[in-house]
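Chain by chain, the residues:
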Amino acid sequence: MDLSYTPEEEDFRARLREWLARTLPGLPPRPSPGDWPGRRAYDLGWQRRLYEAGYAGVHWDATPGVRLIFLEETEKAGAPYVGAGFVGLLHAGPTIAAEGTDAQRARWLPPILRGEEVWCQGFSEPDAGSDLAALRTRAWRDGDDYVVTGSKIWTSHAEVADWCELLVRTDPAAPKHRGITWLALPMDAPGITVRPLRTLAGPAEFAEVFLDEVRVPVANRVGDENDGWRVTLVTLSFERGTAFAGEVVACRRALAELAVEARKNGRWDDPALRRRLGRLNAEFRALWRLTQWNVSAAEASGGVPGAGGSVFKLRYSHARQELYDAAAEVLGPDCLDLDRPWTPDRLSSLAYTIAAGTSQVQHSIIAERILGLPKGR
């Protein structure tokens, strides 16, 4: 597989750099981490700028090379990340594009691209985390609606979301993977209660969501009834295969900044630290190459990432934790100061071996779907 960039893609890079150089100085100040309404407005404002400049659909409609160049250049320039648009742009949107009807694509995709609506993810439950298919949130059919009762946890951006990609159990008598349905839930529907969760890192990015006989139109179902697990695997393949691509570039930038800080404070004199940073540099370079391969392979197979995304997610999660452990070593006692660079990142990195499927789940996927090993009993 050729991972080099074409002349047309390099031309895209030059035009994007020029646009970023013109646009970024005019952005308003970023809101504080805990101001989620402010962050929603800021993130959607950035998405609108991308849309007006013709860059909004780069995650969905561009070639693999253009997609990766966009991630490289925006991160290097310090441009805003997708932020509150994460679920819509990188999870729900690609899933609807792959699995939705023409009417669903027309209703939900343009507002995501224009920066008009925010999505959250309603997958995990108190008793269905790593074993996601054990979910118990119930939906039963009543005419043209589903009536949904249950609860979700770790729901990203729920307090500022317009829509939720929601997994429900529509056939409790079926085997657990076969009785699930994927719904688009309007977050202003009666019967929804959102309770923000505070994490070690501080801001309430996650929430609990309680659903008390919430009515969701059958027209909001993506895929067939009871076929939601297959649709969910499409969502998870995007989450594990391509959604973290921009973060690899961010980690490479943080690693370079760590080396500068270590030279300033004298910790660079420690040969063990230098070896550690050198190994991490090689690790993240390899992860970027793996990202290129995964994105190119997804394009060749119809746009949906495959099980190779689990290889990336498994190694990236641990590499990110190792990076910010190294940052703590560079900072010394200052690593306990939440106002210092890298300290909040170190705390949030602890969740990466759990979020989007635990490392143990990724090991199982790799063993069964790539190596062809038998399933454990």
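Because the structure is predicted, anything quoted here is derived from the model rather than measured.

## Description of the overall build of the chain
- Helix and strand counts for the chain stand at 12 helices and 8 strands.
- Against the globule reference of 21 Å for 377 residues, the chain gives a C-alpha radius of gyration of 21 Å, in line with a compact fold.
- When its C-alpha atoms are laid out on the principal axes, the chain stretches across 70 × 50 × 45 Å.
- Out of the 377 residues belonging to the chain, those deemed buried represent 51%.
- Within the chain, counting contacts between residues at least 6 apart in sequence, those at least 24 apart form 73% of the total.
- In the form shown here, the chain has an accessible surface area of approximately 17400 Å², with 53% of it arising from carbon and sulfur atoms.
- When the 46 positive and 51 negative side-chain charges of the chain are each reduced to one mean point, those points stand 4 Å apart.

## Re the packing of aromatic side chains
- Applying the stated criterion across every chain, the model contains 10 aromatic pairs.
- Here Arg-263 stacks its cationic end above the ring of Trp-268, 4.1 Å away from the centre of that ring.

## What about the nonpolar core?
- Ranked by size, the top nonpolar core spans 46 residues in total, and within it Trp-46, Phe-70, Phe-284, Tyr-316 and Leu-323 carry the most contacts.
- Taken together, the elements giving at least two residues each to this core come down to helix 1 (7-23), helix 2 (36-53), helix 4 (64-76), helix 8 (245-265), helix 9 (271-300) and helix 10 (308-331).
- Top element by residues in this core is helix 10. It accounts for 10 residues.
- Leave out the neighbours within four places in its chain, and Trp-46 touches Trp-19, Leu-20, Thr-23, Leu-24, Leu-27, Ala-79, Pro-80 and Tyr-81.
- Of all hydrophobic cores here, the second largest spans 28 residues; its members include Phe-86, Val-87, Leu-109 and Ala-133.

## As for empty space enclosed by the protein
- Tallied over the entire structure, the rule returns 1 cavity of 30 Å³ or more.
- In this structure, the largest cavity occupies an estimated 250 Å³ of space.
- Lining the largest cavity are 25 residues, and of these Trp-46, His-59, Pro-80, Tyr-81 and Val-82 sit closest to its centre.
- If you list the elements that add at least two residues to the lining of the largest cavity, you get helix 2, helix 4 and helix 5 (86-99).
- The leading source of residues in the lining of the largest cavity is helix 2, at 5 residues.
- For the lining of the largest cavity, the class distribution of residues is 16 nonpolar, 6 polar and 3 charged.

## Describing the UniProt feature "domain: Acyl-CoA dehydrogenase/oxidase N-terminal" (unreviewed entry) in the chain
- Sites flagged by UniProt as "domain: Acyl-CoA dehydrogenase/oxidase N-terminal" (unreviewed entry) map to residues 6-116.
- The straight-line gap between the two end C-alpha atoms of residues 6-116 is 33 Å; of that span, 70% is helix and 0% is strand.

## Section: a nonpolar patch on the surface
- A cluster of nonpolar side chains, Val-311, Ile-370, Leu-371 and Leu-373, forms an exposed patch at the surface whose accessible area comes to about 340 Å².
- With respect to the secondary-structure elements, Val-311 resides in helix 10.

## Quick notes on the environment of Ala-79
- Relative to the helices and strands, Ala-79 resides in the loop between helix 4 and helix 5.
- Taking C-alpha positions, Ala-79 is 6.8 Å from Leu-24, a pair spaced 55 residues apart along the chain.
- Setting aside chain neighbours within four positions, we find Ala-79 in contact with Leu-20, Leu-24, Arg-30, Trp-46 and Thr-74.

## Details of the packing of helix 1 against helix 4
- Between helix 1 and helix 4, whose axes approach to 10 Å, the crossing angle comes to 30°. It follows that helix 1 is roughly parallel to helix 4 by the angle criterion. As helix 1 packs across helix 4, the resulting crossing turns out to be right-handed. Here helix 1 contributes Glu-9, Glu-10, Phe-12, Arg-13, Leu-16, Arg-17 and Leu-20 to the contact with helix 4, which in turn contributes Gly-65, Val-66, Ile-69, Phe-70, Glu-72, Glu-73 and Thr-74.
- Tallied by class, the residues present in the contact of helix 1 with helix 4 amount to 6 nonpolar, 2 polar and 6 charged.

About the cut-offs
Every residue gets a number counted from 1 within its own chain, in the order that chain's sequence is written. The model is predicted, so local features are restricted to residues of pLDDT at least 70 and side-chain atom pairs to those at 80 or more, both for listing and for counting; the totals for chains, interfaces and linings are taken over all residues. Computation of side-chain values: all heavy atoms of the structure, hydrogens and water removed. By definition, any uninterrupted DSSP run of H or I lasting at least four residues is a helix, any uninterrupted run of E lasting at least two residues is a strand, and each is numbered from the N terminus. The atom set for the radius of gyration is the C-alpha atoms, and the globule formula is 2.2 Å times the number of residues raised to the power 0.38. When a residue's accessible area, from a 1.4 Å probe over protein chains only, is under 20% of the maximum for its type it is buried; when over 50% it is exposed; and in between it is partly exposed. Every residue pair with non-hydrogen atoms within 4.5 Å of one another is taken to be in contact. Computed with a 1.4 Å probe, the accessible areas rest on the Shrake-Rupley method; for each residue, only the protein chains presented here act as cover. Charge counting follows a simple rule: Lys and Arg are positive, Asp and Glu are negative, and His as well as the terminal groups are ignored. The atom standing in for a charge is NZ when the residue is Lys, CZ when it is Arg, CG when it is Asp and CD when it is Glu. Pairing of aromatic side chains requires ring centres within 6.5 Å, counting the rings of Phe and Tyr and the six-membered ring of Trp. Pairs whose planes differ by under 30 degrees are stacked, by over 60 edge-to-face, and all others tilted. Any Lys NZ or Arg CZ found within 6 Å of a ring centre and within 35 degrees of that ring's normal is scored as a charge over the ring. Take the buried Ala, Val, Leu, Ile, Met, Phe, Trp, Tyr and Cys residues and link them wherever side-chain atoms come within 4.5 Å; each set so joined is a nonpolar core. Residues are called lining when one of their atoms sits within 4 Å of a cavity or pocket point, these points coming from a 1 Å grid over the protein atoms alone, where a cavity is a set in which a 1.4 Å probe fits but cannot get out and a pocket is an open set with protein on both sides within 12 Å along at least five of seven lines. Grid points are joined across faces, edges and corners, and a volume is the space filled by probe spheres set on the points. Here the term charged refers only to Asp, Glu, Lys and Arg, the term nonpolar to Ala, Val, Leu, Ile, Met, Phe, Trp, Tyr, Cys and Pro, and the term polar to all other amino acids, Gly among them. UniProt positions are given in the numbering used here, feature names are shortened, and annotations may be inferred rather than shown by experiment. Each patch groups residues whose relative accessible area exceeds 30% and which form no salt bridge, using 9 Å between like charges and 5 Å between nonpolar side chains of Val, Leu, Ile, Met, Phe, Trp and Tyr. In the sections that follow, a salt bridge refers to a side-chain nitrogen of Lys or Arg positioned within 4 Å of a carboxyl oxygen of Asp or Glu. Every axis corresponds to a line fitted to the C-alpha atoms, with the helix fit spanning only the stretch in contact, and the corresponding angles, defined between N-to-C directions, vary from 0 to 180 degrees. To sort the angles, those under 35 degrees are grouped as roughly parallel, those over 145 as roughly antiparallel, those from 65 to 115 as roughly perpendicular, and the leftovers as oblique. For any pair of crossing helices, the crossing counts as left-handed if the nearer helix is rotated counterclockwise from the farther one by less than a right angle, and right-handed if it is rotated clockwise.

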